[in-house]
Amino acid sequence: MDNAKKYYAEFGVNVEEAIEKLRDVTISVHCWQGDDVTGFDSRETLSGGIQATGNYPGKANTPEELMADIEKAFSLMPGKKKLNLHASYAIHDGKKGRDEIEPADFAPWVEFAKKNGWGLDFNPTFFSHPMVKDNLTLSSPDEEVRAYWVRHGVQCVKIADYFAKETGIPCVMNIWIPDGYKDIPADRLGPRERYKKSLDEILATPYDKTQVYITVESKVFGIGLESYTVGSSEFCLSYAQAKGITPLMDNGHYHPTEMVSDKISSLLLFNDKIALHVTRPVRWDSDHVVLFDDETKEIAKEIVRNDALDRVFISTDYFDASINRISAWVTGVRSVQKALLYALLEPSDMKQIQENNDFTYLMYLSEELKTAPFGEVWREFLKREGVADNYYEEVIKYEKEVLVNRK
Ligand code: RNT
Ligand code: ZN
């Protein structure tokens, strides 16, 4: 580390401070990487325009298996974590409708989180269910369908409130609906009016606004829903702004040359808090495992440079069924943390260099930092967190001992 400390000090960077700051950042880790977004209630094939592809052995099939995998995966991730659940992971006899779920159906999850000292985040599940009709939920013109999903949303607010109370850690509840049309619609306004009305009805549920943050996630298109998405970016940003709730950006949900890293600053100017789903879109919203790549770094830089680590809810959202799922989980979360560390190790005068219009030096410096002894600092962070550097070995051991024995 001494080497690295000396190198960074030459640029005015304090390595110890960077490590300290990183230790305080919470990553909300999605539970759905462990079972290809299947859940435990309806166990329908994944729908809603998203897809998990691959059939690598060892998928978690029960709450016990998923919890064991989560514990294994989390033990290989440094830093602070929260667990992000979906409503479809309710634990009941399988006979309850999604509009009937209640806090008690998540009691084992609360116990699990408390035991590990983690907070819980939550998501209503508006997909993979027989009550999704014609790919519509909260925007459906069929009042029975729309009302069903409003009831689901209302129950979820109660569950989010319960999570926050039980864990003593704020809960982020994210609303994403798949609603849209494959082909050119005749009415773009009607579905959005109904979505707005449905959200208003869900938000009328009493909840502790200081402990529960409700977010809305926008999207540009989904598979089979190419022409029109009800919850577009404009819809979600405007809705969040109008209602004083929190916007959520998933970096797979924009046109391929549109970058979430460029959007963060604008949202920070107009919102107290913002939320992110960090993912890796490959040609579409493919939800590949997050890597330590340029856009992930750029997103992290925007958060760090704008001093917004306490204003951005960072969560992960990817699902790869083609490789060891635990490894996928760990690689993705570590990539986000690496990106944050990379950003924390930047000199603090980068903005001043821009203001001086010295883009020559800015380019020189940015490129220079790419070959800085970053790896040394990262490994020191892992060591201090008591987490193995080589997670691959651990993962393969777990695969041989546990995963391959699953049916
Ligand atoms: C889908 C959204 C959404 C889901 C999860 C499972 O495109 O990104 O966040 O991935 O809710
Ligand atoms: Zn997402």
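In this text the structure is predicted, and so the values were computed from the model without any measurement. (Residues numbered from 1 in each chain as written. Chains lettered and ligands numbered in written order. Predicted model: local features only at pLDDT ≥ 70, side-chain atom pairs only at ≥ 80, totals over all residues. Heavy atoms only, no water.)

### Considering helix α8 (residues 260-270)
Convention followed: Three labels apply to residues, based on accessible area from a 1.4 Å probe with only protein chains included: buried if under 20% of the type maximum, exposed if over 50%, partly exposed otherwise in between. Here a strand is any run of E in DSSP of at least two residues, a helix any run of H or I of at least four, and the numbering for each starts at the N terminus. What the arc describes is the spread of directions from the helix axis to the C-beta atoms.
Regarding α8, the residues found buried are V260, S261, K263, I264, L267 and L268. All buried residues of α8 fall inside an arc of 145° around its axis, so they share one side. What points out from α8, more than 90 degrees from its buried face, is the exposed set D262, L269 and F270.

### Examining the site of ligand 1
The test is simple: In this text, near means that some heavy atom of the residue lies within 4 Å of the molecule or strand in question. Polar contact is the term for a pair of N or O atoms within 3.5 Å; when the atoms are in protein, one must be able to donate a hydrogen and the other to accept it, and sequence-neighboring residues count only if both atoms are side-chain atoms. Put plainly, a pocket is an open set of points on a 1 Å grid over the protein atoms alone with protein on both sides within 12 Å along at least five of seven lines, a cavity is a set where a 1.4 Å probe fits but cannot get out, and a lining residue has an atom within 4 Å of a point. Molecule-in-pocket calls rest on the fraction of atoms, with more than half required to lie within 2 Å of the cavity or pocket grid points. Basically, the charged four are Asp, Glu, Lys and Arg, the nonpolar ten are Ala, Val, Leu, Ile, Met, Phe, Trp, Tyr, Cys and Pro, and anything else, Gly included, counts as polar.
Taken together, the neighbourhood of ligand 1 is formed by 13 residues, with H86, E217, K219, H253 and D317 sitting nearest. Separating an oxygen atom of ligand 1 from a side-chain N or O atom of H86 is a distance of 2.7 Å. Taking H253, its side chain carries an N or O atom lying 2.9 Å from an oxygen atom of ligand 1. In a pocket analysis with a 2 Å cut-off to the grid points, ligand 1 is assigned to the largest cavity. Residue composition of the shell around ligand 1, grouped by class: five nonpolar, three polar and five charged.

### Description of the coordination of the zinc ion (ligand 2)
Just so we agree on the cut-off: Water is absent from the atoms considered, so a metal site may look incomplete; donors are defined as N, O and S atoms within 2.8 Å of the metal, or 3.2 Å for Na, K and Ca. Between 85 and 135 degrees for all angles marks four donors as tetrahedral; over 155 degrees for opposite donors together with 65 to 115 for all other angles marks four donors as square planar and six as octahedral; every other arrangement is irregular.
Coordination of the zinc ion (ligand 2) by the protein is provided by E217 (OE), D250 (OD), H277 (ND1) and D317 (OD), with metal-donor distances spanning 2.1 to 2.2 Å. In this structure, the zinc ion (ligand 2) is surrounded by six donor atoms whose angles at the metal cover 71 to 172°, and the resulting shape is octahedral. Between consecutive donors of the zinc ion (ligand 2), the numbers of intervening residues give the motif E-x32-D-x26-H-x39-D. In this pair, H277 sits in strand β9 (residues 274-278) while D317 sits in the loop between β10 (312-316) and α10 (325-344), placing the two residues 40 residues apart along the sequence. Just as H277 is buried, D317 falls in that class too.

### Thoughts on the layout of surface pockets
Where empty space is left becomes clear once a probe the size of a water molecule has been rolled over the atoms. Counted only if it meets this: Grid points are joined across faces, edges and corners, and a volume is the space filled by probe spheres set on the points.
Roughly 480 Å³ of internal volume is contained in the largest pocket. What lines the largest pocket is a set of 20 residues, among which K21, V304, L344, E346 and S348 lie closest to the centre. Secondary structure elements with two or more residues in the lining of the largest pocket: α2 (15-23), α9 (294-305), α10 and α11 (350-355). Tallied by class, the residues present in the lining of the largest pocket amount to ten nonpolar, three polar and seven charged.

### Looking at the pairing of strand β8 (residues 246-250)
Test applied: The handedness rule is simple: strands pointing away from the viewer, and a clockwise path from the first strand over the helix to the second, make the crossover right-handed.
In terms of burial, β8 is largely enclosed, as five of its five residues are buried. Tracing the backbone out of β8, into α8 and back to the parallel element β9 gives a crossover that is right-handed.

### Some words on the side chain of E217
Under the convention used in this document: For this count, His and the chain ends are skipped, Lys and Arg are scored as positive, and Asp and Glu as negative. The working definition used for a salt bridge is a side-chain nitrogen of Lys or Arg within 4 Å of a carboxyl oxygen of Asp or Glu. By the convention used here, residues are in contact when the closest approach between their heavy atoms is within 4.5 Å.
Relative to the elements of secondary structure, E217 occurs in strand β6 (residues 212-217). For E217, which is buried and forms no salt bridge, the nearest opposite charge comes from K219, at a distance of 7.2 Å. Here H277 takes part through its side chain, which lies 3.0 Å from a polar atom of the side chain of E217. In this structure E217 touches N174, I175, W176, G231, C236, L248, D250, H253, H277 and D317, once residues within four positions along its chain are discounted.

### Here we look at empty space enclosed by the protein
Enumeration over the complete set of coordinates arrives at five cavities of 30 Å³ or more. Of the voids in this model, the largest cavity is the one considered here, and its volume is about 170 Å³.

### Things to note about the packing of helix α3 (residues 63-75) against helix α4 (residues 107-116)
For any two helices packed against each other, the geometry comes down to the angle between their axes and how far apart the axes lie. What counts is decided by this rule: Axis geometry follows a simple rule: fit a line to the C-alpha atoms, using only the stretch in contact for helices, then measure angles between N-to-C directions, giving values from 0 to 180 degrees. An angle counts as roughly parallel when it lies under 35 degrees, as roughly antiparallel when it exceeds 145, as roughly perpendicular when it falls between 65 and 115, and as oblique in every other case. Should the near helix be turned anticlockwise from the far one by less than a right angle, the crossing is left-handed, and should it be turned clockwise, the crossing is right-handed.
Relative orientation of the contacting elements α3 and α4 amounts to 20°, with a least axis distance of 12 Å. With respect to each other, α3 and α4 are oriented roughly parallel. Of the two elements, α3 crosses α4, and the hand of that crossing is right-handed. Residues L66, M67, I70 and E71 of α3 lie in contact with α4, whose contacting residues are P108, W109, F112, K115 and N116. Counted by class, the contact of α3 with α4 contains six nonpolar, one polar and two charged residues.

### Here's the deal with helix α14 (residues 391-401)
Within α14 the residues assigned to the buried category are Y391, V395, I396, Y398 and E399. Taken end-on, α14 shows its buried residues confined to a sector of 160°, consistent with a single buried face. Exposed and facing more than 90 degrees away from the buried side of α14 are E393, K397, K400 and E401. Where α14 is buried, its residues contact α3 and α10.

### As for the nonpolar core
In a soluble, globular protein the nonpolar side chains are often hidden away together inside. In plain terms, the rule: By nonpolar core we mean a set of buried residues, namely Ala, Val, Leu, Ile, Met, Phe, Trp, Tyr and Cys, connected to one another through side-chain atoms within 4.5 Å.
Counting residues in hydrophobic clusters, the biggest one holds 125 residues, and the most contacted among them are Y8, I70, L83, F106, W109, F122 and F163. Discounting chain neighbours no more than four positions away, the residues touching Y8 are V13, V15, L345, L369, A372, P373, F374 and V377.

### Some words on unusual backbone geometry
We note that V37 has phi near 60°; this positive angle belongs to a residue other than glycine. Its relative accessible area of 5% is what places V37 among the buried residues. Within the chain, N135 stands out as a residue other than glycine whose phi angle is a positive 65°. Its place among the elements puts N135 in the loop between β3 (119-123) and α5 (143-167). You can call N135 partly exposed: its relative accessible area is 38%.

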